Amino acid sequence: MAPIPLQRETMQRPGTTRAGLAHGPRLASRTSLPGIPLAPSAARRFVRAALAEWTGIGVPAAVGFSDRLADDAVTVTNELVTNAVVHAGTTVDLVLRLEEEGGEEPSAALVLEVTDHHPARPVSGDEPGAGPGPAGVSPGGLPDPAEYGRGLQLVATLADSWGITYRTGLKTVWARLPVDDWSAPPAPPDGEALRRGLRAAEILAPAARRTERDDAVWDSRGAPAFLAEASDLLAGQLDEDLVAAIAGQLLVPRLADWCAIWLETEGGGPAAEPRLARVWHSDETGTEPLRAVLEREPLRLPAAVGSGPVPVPVPWPAHPAEEDREEGREKDGEGREKDGEGREEGREDRQAAAAAATPPHPGGRDGAALAFRITAGGRALGTVLVGREGVAQVPEAVASLIEDFVRRLGLAVGAARAYTRQATISRILQRGLLPSKVAEIPGVTNALVYEPSDDGVVGGDFYDIFACPGDRWCFVLGDVQGSGPEAAVVTGLARPWLRLLSREGFGVGEVLDRLNRLLLDDAMEAAEAAALMVAAAGGQQLHDGTQSRFLSLLYGEVVPLPDGGVRCTVASAGHPLPLLLRPDGSVRPAAEPQVLLGVVEDVAYESQGFDLAPGDTLLCVTDGVTERRSGPLMFDDGDGLARVLAGCAGLPAEATAERIRRAVHEFAEQPPDDDVALLVLHAD
């Protein structure tokens, strides 16, 4: 792996070794995680699995892996990924690398790198001593761990060195953990190790949550700062449950002691019950009791209620001791209550005095609660219920601030639902445009890799393998210009046309000739329709975003041979050329380059034929593989794809496809920004 390029700013922490600059063999594992609350747990499992895998394959430095190193690596990973999820909210890329150095004193280190896609947001704990900050930040500049996590204090304690690297659109936090042979008999810890251990324990120790709250700050600059922070955190979140989770953490404990958020079921109608999406309490022990009470009956506001605050009774149940006293009075019976009227009155007086002397507790009846309707575009999306304990009412300034916050929450929930609808439609459309199952070719094993660059948008790549009359099988790998609905239209036309033309008995070149004319005719019809719309609009141009309907395509025909192997006939129309791998490791192109489909009218496509003997492999890819970028370099520069394929000699189709896929992903630090599709045919 290449060193991390320092393009904007690098913040170096104590220690002299920088990630990516060690000399010697390196072993790396990487993964990408969505920016959701489950990401830290997935990252912890990933780190432990990677360490176990390296130990299992006999990596020399793995002899120094110990439970202590694994625990430290998992702890640091958990903190860095949590920071990225909470403070950036984007996809998180995690890289675990093992660096070994030879020499007179061999050494090794684990390097963890966590990258998010929101470089404008600072890292929690990155600027200690920065002075007074917003709510939730102590006067010394250190964020309150209960609200913002422990920042990088714990990372700095456990890591030998760590730092932050900023690049265009990215922020990477890395930490280096030395690998020592802790499997040897334990020696008495030196002073430095003992100090580090005590410091880590101090940071990990649970801290009491602050109970003081100064409502005066919301009358000045505090309210705009809070709303700006809330808008920044809620913007871009594409999951409504994550939006609700962030909203709960923003409200509690800064504005309320507890809160609950219900979301209306989309498309459920007026009779559908809202879903309790989030419950949050400043005291963790009070969250589940509150949830149990709220789940009994969803909060419903009258239809006439607007977005303003609505006072509602506090939903908390009575304190357990108070419930016991009520049950005791019920069991006493009416006669006993009359006989002991004086004693009961005295007992009630003592209970009232005790209740007055007891501070508010989770589960008590005291406090005030306000409900707010979540709306967006005039539609009701849910309800927010907030409460404070030990007060008769919520201050007016706080209620007004929460109302403004709920408006922003409604916009975020509405945007998340719109994205979910679009992503659902795209996935359904994608499933309809791609074959649910590809045909099996006798004597040939195939392997497919298809990875759209964006889960929420229909990709432009498509594939197919299907049987044709006359003991023939055809395969297709195509790439439509662009993505989204425009690409879906062309894909929806091209794949059925290819099947129809192939089954009519046309040769490989003839199929491309006719498909080219069909695409041009369809484009002409679309242009004529657009001209009619312009004329109907009085000569005004309605839109200028019409794209040309062209695509690159690799199309081939396979016929089994009597003595084993198959006869292949292929044609490439503006597509990356297929590569033929022989058992001896030699690689050569299996087709000639030709013009794209849907561009030139008078063109005759030609095909090339060859035998795919037993042991031979044919690799077909889209430009998402060959044009995968790492800075100014591309994956296929200097025949890079052919070199990787040459190392796959003797491998079956699945193993070859997986090795190519892994090489594409490991070529650059960032995930691919284009669809990745490849087809491997291996003659048995």
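A.B. asks: What exactly am I supposed to notice about the pairing of strand β15 (residues 551–560) here?
C.D. replies: Walk down a regular strand and you will see the side chains alternate between the two sheet faces. Most of β15 is tucked away: 8 of the 10 residues are buried. As paired elements, strand β14 (residues 472–480) and β15 share 8 bridges and run antiparallel to each other. Bridging from a neighbouring strand, L477 pairs with L554 of β15. Across 8 bridges, the pairing between β15 and strand β16 (residues 566–573) is antiparallel.

A.B. asks: Honestly, empty space enclosed by the protein in this entry has me stumped. Any pointers?
C.D. replies: Left-over empty space is what a probe sized like a water molecule reveals as it rolls over the atoms. By the definition in use, this model includes 5 cavities of 30 Å³ or more. Of the volumes computed, that of the second largest cavity is approximately 50 Å³. The set of elements that each furnish at least two residues to the lining of the second largest cavity consists of β3 (92–101) and β4 (107–116). Of the residues contributing to the lining of the second largest cavity, the split by class is 1 nonpolar, 3 polar and 4 charged.

A.B. asks: Can you walk me through the packing of helix α7 (residues 240–251) against helix α11 (residues 396–433) in this structure?
C.D. replies: The geometry of a pair of packed helices is captured by two quantities: the angle between their axes and the separation between those axes. The geometry of α7 relative to α11 is characterised by a closest axis approach of 9 Å and an angle of 165 degrees between their N-to-C directions. Taken together, the axis directions place α7 and α11 in an arrangement best described as roughly antiparallel. α11 is crossed by α7, and the crossing has right-handed handedness. Mapping the contact onto sequence places E240, V243, A247, L250 and L251 in α7 and I402, F405, L409, A412, V413, A416 and R417 in α11. Looking at side-chain class alone, the contact of α7 with α11 contains 10 nonpolar, no polar and 2 charged residues.

A.B. asks: What should I look at first to understand the sheet that holds strand β23 (residues 676–683) in this one?
C.D. replies: Two pairing modes exist for strands in a sheet, parallel and antiparallel, and in both the strands are linked by backbone hydrogen bonds. Here we have 5 strands laid out as an open sheet, ordered β12-β23-β20-β17-β18, and antiparallel in their pairing. Each edge of the open sheet is held by one strand with a lone partner, namely β12 (444–451) and β18 (587–589). The mean inter-strand angle of the sheet, taken between neighbouring strand axes irrespective of direction, is 20 degrees. Those strands touched by helix α16 (residues 653–666) are β12, β20 (617–621) and β23, and its axis lies near 25 degrees from that of β12.

A.B. asks: For this particular structure, what's the right way to read the nonpolar core?
C.D. replies: Among soluble globular proteins, nonpolar side chains are generally buried collectively. Residues F462, F475, L551, L553, Y555, L597 and L612 are the most contacted members of the largest nonpolar core, which totals 49 residues. Per element, the largest residue contribution to this core is 6 residues, and it comes from β14. Counting 40 residues, the second-largest nonpolar core is a separate cluster that includes V243, C259, L381 and V386.

A.B. asks: Hey, could you run me through the side chain of T626 in this one?
C.D. replies: Along the chain, the position of T626 falls in helix α14 (residues 623–626). Excluding its chain neighbours within four sequence positions, the residues that come into contact with T626 are P576, V621, M634, F635, D636 and L641.

A.B. asks: Help me understand the sheet that holds strand β8 (residues 275–281) in this model?
C.D. replies: The 5 strands are arranged β8-β7-β11-β10-β9 in an open sheet whose pairing can be described as antiparallel. Bordering the open sheet on either side are β8 and β9 (310–312), each of which pairs with just one other strand. Strand-to-strand, the axes of this sheet are offset by a mean angle of 25 degrees, without reference to chain direction. The strands touched by α7 within the sheet are β7 (258–263), β8 and β11 (379–388), with β8 carrying the most contacts at an inclination of about 25 degrees. The sheet strands contacting helix α8 (residues 287–294) are β7, β8 and β11, and the helix crosses β8 at an angle near 150 degrees.

A.B. asks: When you look at the pattern of salt bridges in this model, what are you seeing that I'm missing?
C.D. replies: Here the structure, examined in full by the defined rule, presents 21 salt bridges. Across the salt bridge formed by D71 and R48, the nearest N and O atoms sit 3.0 Å from each other. Here D71 is found in helix α2 (residues 67–87), whereas its partner R48 is found in helix α1 (residues 39–56), with 23 residues between them in sequence. With a shortest N-O distance of 2.0 Å, R421 and E266 are connected by a salt bridge.

A.B. asks: I keep staring at a nonpolar patch on the surface and nothing clicks. Help me out?
C.D. replies: On the surface, V595, V599 and V600 cluster together to form a nonpolar patch covering roughly 190 Å² of accessible area. Within the secondary structure layout, V599 lies in the loop between β18 and β19 (608–612).

A.B. asks: For this particular structure, what's the right way to read α1?
C.D. replies: The periodicity of an α-helix, 3.6 residues per turn, causes residues three or four places apart in sequence to face the same way. The first and last C-alpha atoms of α1 sit 25 Å apart over 18 residues, in line with the 26 Å expected at 1.5 Å per residue. When α1 is considered as a whole, its buried residues turn out to be A39, P40, A43, F46, V47, A50, L51 and W54. Buried positions in α1, seen along its axis, are confined to an arc of 125 degrees and lie on one side of it. Exposed side of α1, more than 90 degrees from the buried face: R45 and G56 are the residues found there. With its phi angle positive at about 80 degrees, G58 sits one or two positions after the end of α1.

A.B. asks: Help me understand the environment of D623, please; the structure alone is not making it clear to me.
C.D. replies: Among the secondary structure elements, D623 is positioned in helix α14. C-alpha of D623 to C-alpha of G478: the two residues are 145 residues apart in sequence and 9.8 Å apart in space. The contact partners of D623, leaving out residues within four places of it in the chain, are D479, P576, R628 and D674.

A.B. asks: Sorry, what's going on with the packing of aromatic side chains here?
C.D. replies: The geometry of an aromatic ring pair comes down to the distance between the two centres and the angle between the two planes. All chains considered together, the criterion is met by 3 aromatic pairs. Ring geometry for F226 versus F405: centroids 5.7 Å apart, planes at 40 degrees, classification tilted. With a gap of 179 residues between them, F226 in helix α6 (residues 222–234) and F405 in helix α11 connect regions that are remote in the sequence. For the pair shown, F226 and F405 are each scored as buried. When the centroid spacing of 5.5 Å and the interplanar angle of 90 degrees are considered together, the rings of F635 and F667 count as edge-to-face.

A.B. asks: Explanation requested: the state of the cysteines in the structure shown.
C.D. replies: In protein structure, a disulfide is the covalent linkage between the sulfur atoms of two cysteines. Here the structure, examined in full by the defined rule, presents 0 disulfides. Between C468, a cysteine without a disulfide, and C474, which holds the nearest cysteine sulfur, the sulfur-to-sulfur distance is 3.6 Å. We note that C568 lacks a disulfide partner, and the nearest cysteine sulfur, in C620, lies 8.6 Å from it.

A.B. asks: Would you explain the confidence of the model for the chain in this entry?
C.D. replies: For the chain, the mean per-residue pLDDT works out to 77, and 71% of the residues sit at or above 70. Taken element by element, the predicted model of the chain shows its lowest mean pLDDT in strand β1 (residues 9–12) (32) and its highest in β20 (96). In the predicted structure, residues 203–211 sits below a pLDDT of 50 and forms 13 contacts with residues beyond four places in sequence or in another chain. This stretch, residues 541–546, has a pLDDT under 50; its non-local contacts, to residues over four places away or in other chains, come to 4 contacts.

About the criteria used
- Residues numbered from 1 in each chain as written.
- Predicted model: local features only at pLDDT ≥ 70, side-chain atom pairs only at ≥ 80, totals over all residues.
- Heavy atoms only, no water.
- Buried < 20%, exposed > 50% of the residue type's maximum accessible area, 1.4 Å probe, protein only.
- Helix = DSSP H or I, 4+ residues; strand = E, 2+ residues; numbered from the N terminus.
- Pairing = 2+ DSSP bridges.
- 1 Å grid on protein atoms, 1.4 Å probe; cavity = no way out; pocket = protein on both sides within 12 Å on 5 of 7 lines; lining within 4 Å.
- Points joined across faces, edges and corners; volume = space filled by probe spheres on them.
- Nonpolar A, V, L, I, M, F, W, Y, C, P; charged D, E, K, R; others polar.
- Axes fitted to C-alpha atoms, helices over the stretch in contact; angles between N-to-C directions.
- Parallel < 35°, antiparallel > 145°, perpendicular 65-115°, else oblique.
- Left-handed = near helix turned anticlockwise from the far one by under 90°.
- Contact = heavy atoms within 4.5 Å.
- Core = buried A, V, L, I, M, F, W, Y, C linked by side-chain atoms within 4.5 Å.
- Salt bridge = Lys/Arg side-chain N within 4 Å of Asp/Glu carboxyl O.
- Patch = residues over 30% accessible without salt bridge, like charges linked within 9 Å, V, L, I, M, F, W, Y side chains within 5 Å.
- Areas by Shrake-Rupley, 256 points an atom, 1.4 Å probe, with all protein chains shown as cover.
- Expected span 1.5 Å × (residues − 1).
- Arc of directions from axis to C-beta.
- Phe/Tyr/Trp six-rings, centres within 6.5 Å; stacked < 30°, edge-to-face > 60°.
- Disulfide = S-S within 2.5 Å.
- pLDDT = per-residue confidence, 0-100.

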